[in-house]
Structures are given as C-alpha cells and as structure tokens.
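# Secondary and tertiary structure notes
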Amino acid sequence: MGILGLAKLIADVAPAAIKENEMKNYFGRKVAVDASMSLYQFLVAVRQEGNMLMTADGETTSHLMGFFYRTIRMVDNGIKPVYVFDGKPPTMKGGELAKRKERRDEAQKQLEQAEEAGNVEDIDKFSRRLVKVTKTHSDEAKTLLKLMGIPYVEAPCEAEAQCAALAKAGKVFGVATEDMDALTFGTPVLLRHLTFSEARKMPIKEFHLSKVLEGMELSQKEFIDLCILLGCDYCDSIRGIGPKRAIELIRSHKTIDDVVTKMDKKKYSPPEEWPYAEARTLFIEPEVADPDNIELKWVEPDEEGLVKYMCENKGFNEDRIRNGCKKLAKARSGTTQGRLDSFFKIIPQPPNSANKRKSEEKPGAKKGGTAKRGRGSFRKGR
C-alpha cells in the first residue's frame, strides 16, 4: 500500500520536490529496485489475451519476461540496477496483510460471478486483483538475475527499507519503487515508473526527500509522523483526517503524541490501542542488512546458461534471448565513462565566508579592480 495520498500531497504542497525525467538521463547511475514490487507489476501487466504468460506445462513466466526485458532496457540506458527482495514481513504488517486477503477473497467471489456471466472485461479485472507474488516467483527471478550478471539483495524484512538503506549509505543513487514509503524510510531520491513498460510512455517521476521536507516545512521525524497519520502498512489512521488536515496538525503540534493529546476527541477518534509509536520506530530503525557489508557486483551474463534456463526450461524464443544477452554484454563492455557528478563534488563554503572576504579587503579598494576571484574548491568523490 505504501503511504495513502502522499504523492498527491507532495505535488500540492512541495511541487519543487518532483521532477520528470527520461531513462537515458540516468546513465551511469546505480539504482536499487524494489524487486517484490516489480514482480507484482509484471505478473499483473505482462499478459497475452488477458492471461499471464505460461509454459506448455502451465508454469507462469510473465515475471521472467518482465525482469528480462525491463532490466535490459535499464542496462541499455546505462543504468546499473540492483534488485532488492522482501524478507519476512514485520509483525505489525499483519493487519494490512489480513486486509489484502479479505480483498482477494472478495475478488475471487466476483471473478466466479463474472465467469458465470461470461463477462470478459470483469474476468480480466478480477483476475488481476487475485495476483499474488509467491516464493517460486522470487526464486525464479533471482535465478534469472544471476544468469544475467545483475546483483540482487535479500532483505531481512521490507525491501523498501533495505533499498533506502543502500541509498542513504551512498551505495546507489536512488530507489525505484511505486511505494511512497521509501521516502518515509529515508531514501534521498525516489524514482517512480522506472520499471514501467516503454509503451506506456510515462516519464519517470523523481522525488527528492530534502525538497519534500523543505516544501512541507517538516523534519524527517515530523514527516514520518505525517505518513503514519496519512495511513501506512503498519497501523490504521484516524478516520476523518485527510492529507491537508494531517499536515496542518503535524505542522502545529510536531508529533502524533501532541496531536492526540490536543485534538477534538468528539470530532476525531483515534483507533483503540493505536500502535503509532511502534510504527514510527519501524520507520526510524527498520530491520535491514548493514549496507557496508553488501558488495554489489555487475558481471558478464552467462549466455548459454540463460538460453538453457529461459528457452529449454521456460519456452522463450532463443533468438530473442541471445539478442538480449548481446545487449547486456555490449552495455558491460562498452564505454566506462562515468557521470561528472560522480567524480567531482563542490565543497560548500561557510555561510559567512563572503562577509569575511569583504572585511579582509583593503580600505579604498576600487570596485571592478584586478583582485583575484575566488574559485570553488573541488575534491574527488566516489
């Protein structure tokens, strides 16, 4: 689910935090991709005549096609993706998972009714709502990525939290996911629509956390409390409080604790035994693997291994798989030129340095004289 209404709220309150971009402009960037989200996307979207792609034996292959071609598209544009897979869900997510099960059960009933009525459109709609990512899907995607030479990380808990940890540690530029809670976990940059099909012609939306906080006039801790008020995966929100009211309350009271203490209980009633403090802790101190112990390596693809796995085992066309391998190999053996901003970093000067220079100027010095201009100082970065 992510955070309810957060993307729209950012667009309304902090529009400068969002910019639209093209995939080619991420050349040279390392990006952590929410693999579990991608799996779900591909299982829902990669279809033929309304049905998921399958082998002759009835094994689903939509996720493999999605991972193979979307990854090649990223690599072809100079991006170095690292996929991060979900681990065990936190205990507090049990309520959200139960709600999802209820929605699936309801979708199953509606699907059966649509099949009895022969309503093709509703059959397709409710079939998509029944999609569930399984361990088999994840394991098959990992096998494929290993053969493609693309690194992946198995998170101990939430994939978005692990992605954010990699970004905060400087291991990657940003996090590619549709779940806005990557910002709540603290990723400096969130990229939405990166794994979407090129045919959808949707620009990549780039959210910058520092500008989100600046535009909303919040600290990161206040932002986390705002996200909990909006509605997250770990606990219910306060009924009747929408996005605009939520940000007003956090700006005024700073914390949910003070919001609850000072709010009109007759008008707004918090859920009983509301575990917002525990949800806050999960966002501030999520269970993640130490990024310093994670080594990311992009290696040569195993072409013959890919052909065996994708063609002999999964029924894909050999020519297409080999052509994909050539693109992977070409991207890896091609230019090694990096982005300029990865080599040089401007060292900011102290805020009062300009005033200090002025005070050191000789009395009577003429404006526009031949005094040496100060130069920005540079140092070599990672």
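Residues numbered from 1 in each chain as written. Predicted model: local features only at pLDDT ≥ 70, side-chain atom pairs only at ≥ 80, totals over all residues. Heavy atoms only, no water.

## Regarding the overall build of the protein
Let me state the cut-off plainly: In DSSP terms, a helix is any run of H or I states spanning at least four residues, a strand is any run of E spanning at least two, and both are numbered starting from the N terminus. Each residue's exposure class comes from its accessible area (1.4 Å probe, protein chains only) as a fraction of the maximum for that residue type: buried when under 20%, exposed when over 50%, partly exposed otherwise. Residue contacts follow a heavy-atom distance rule, with two residues in contact if any of their heavy atoms lie within 4.5 Å. Using a 1.4 Å probe, the Shrake-Rupley method yields the accessible areas, and only the shown protein chains count as cover for residues.
The secondary structure content of the protein amounts to 16 helices and eleven strands. With 382 residues in all, the protein has 42% of them scored as buried. When contacts within the protein are restricted to residue pairs at least 6 apart in sequence, long-range pairs at least 24 apart make up 72% of them. Of the accessible surface of the protein, which amounts to about 21,800 Å², a share of 49% is contributed by carbon and sulfur atoms.

## Focus: the side chain of Arg280
Examined against the element boundaries, Arg280 turns out to sit in helix 13 (residues 276-284). With near-sequence residues (within four places) excluded, Arg280 lies in contact with Ile224, Asp225, Ile228, Thr255, Ile256 and Asp257.

## Thoughts on the packing of aromatic side chains
Put simply, the test is: Stacked, tilted and edge-to-face pairs are distinguished by plane angle, under 30 degrees for stacked and over 60 for edge-to-face with tilted covering the rest, among Phe, Tyr and Trp rings (Trp via its six-membered ring) whose centres lie within 6.5 Å.
In this structure the tally under the stated criterion is eight aromatic pairs. Consider the rings of Phe42 and Phe67, whose centres lie 5.3 Å apart with planes at 75 degrees: the pair is edge-to-face. Residue Phe42 is found in helix 2 (residues 35-45), and its partner Phe67 is found in helix 3 (residues 62-76); the two are separated by 25 residues along the sequence. Accessibility classification places Phe42 together with Phe67 in one group, the buried group.

## Some points on the environment of Leu9
Mapped onto the elements, Leu9 comes out in helix 1 (residues 6-13). With residues near it in sequence (within four places) discarded, Leu9 still touches Ala14, Met216, Leu226, Leu230 and Pro243.

## Describing the pattern of salt bridges
Threshold: When a carboxyl oxygen of Asp or Glu is within 4 Å of a side-chain nitrogen of Lys or Arg, the pair counts as a salt bridge.
Scanning the model with the defined rule gives 16 salt bridges in all. A salt bridge links Arg192 to Glu178; the nearest nitrogen and oxygen atoms lie 3.8 Å apart. Taken together, the residues Arg192 in strand 8 (residues 189-192) and Glu178 in the loop between strand 7 (174-176) and helix 8 (181-184) connect sequence positions 14 residues apart. According to the relative accessible area criterion, Arg192 is buried, its value standing at 18%. Put simply, Lys297 and Glu295 hold a salt bridge, and the shortest N to O gap is 3.7 Å. As far as burial versus exposure is concerned, Lys297 and Glu295 are alike and both exposed. Each of Glu303, Glu304, Glu318 and Arg322 takes part in a single network of salt bridges with overlapping partners.

## Some words on empty space enclosed by the protein
In plain terms, the rule: Put simply, the grid is 1 Å and covers the protein atoms alone, a cavity is a trapped set of points that fit a 1.4 Å probe, a pocket is an open set with protein on both sides within 12 Å along at least five of seven lines, and lining residues have an atom within 4 Å of a point. Grid points are joined across faces, edges and corners, and a volume is the space filled by probe spheres set on the points. Residues are grouped as follows: nonpolar covers Ala, Val, Leu, Ile, Met, Phe, Trp, Tyr, Cys and Pro; charged covers Asp, Glu, Lys and Arg; every other residue, Gly included, is treated as polar.
The final tally for this structure, using the stated rule, is one cavity of 30 Å³ or more. In terms of lining, the largest cavity is formed by Pro90, Cys157, Glu158, Ala161, Phe185, Tyr234, Leu282, Pro286 and Glu287. Grouping the constituent residues of the lining of the largest cavity by class yields seven nonpolar, no polar and two charged.

## What about unusual backbone geometry?
A positive phi is found at His193, a non-glycine position, where the angle reads about 75 degrees. Its place among the elements puts His193 in the loop between strand 8 and strand 9 (204-208). Phi is positive for Lys254, close to 75 degrees, though the residue is something other than glycine. Within the fold, Lys254 resides in the loop between helix 11 (243-253) and helix 12 (256-262). Residue Lys254 is classed as partly exposed on the basis of its relative accessible area of 40%.

## Observations concerning the environment of Ile247
With respect to the helices and strands, the residue Ile247 is situated in helix 11. Sequence-wise, Ile247 and Asp225 are 22 residues apart; in three dimensions their C-alpha atoms are separated by 9.5 Å. The contact partners of Ile247, leaving out residues within four places of it in the chain, are Val13, Met216 and Leu226.

## Examining the packing of helix 10 (residues 220-230) against helix 11
Note the cut-off: Where helices are involved, their axes are fitted lines through C-alpha atoms of the stretch in contact, as for all axes, and angles between N-to-C directions lie from 0 to 180°. The crossing is said to be left-handed when, going from far helix to near helix, the turn is anticlockwise and less than a right angle, and right-handed when the turn is clockwise.
Put simply, helix 10 and helix 11 touch, their axes get as near as 9 Å, and they point 145 degrees apart. Two packed elements cross with a definite hand, and for helix 10 against helix 11 that hand is right-handed. When helix 10 is examined against helix 11, the residues Glu222, Asp225, Leu226, Leu229 and Leu230 are found in contact with a partner set consisting of Pro243, Ala246, Ile247 and Ile250.

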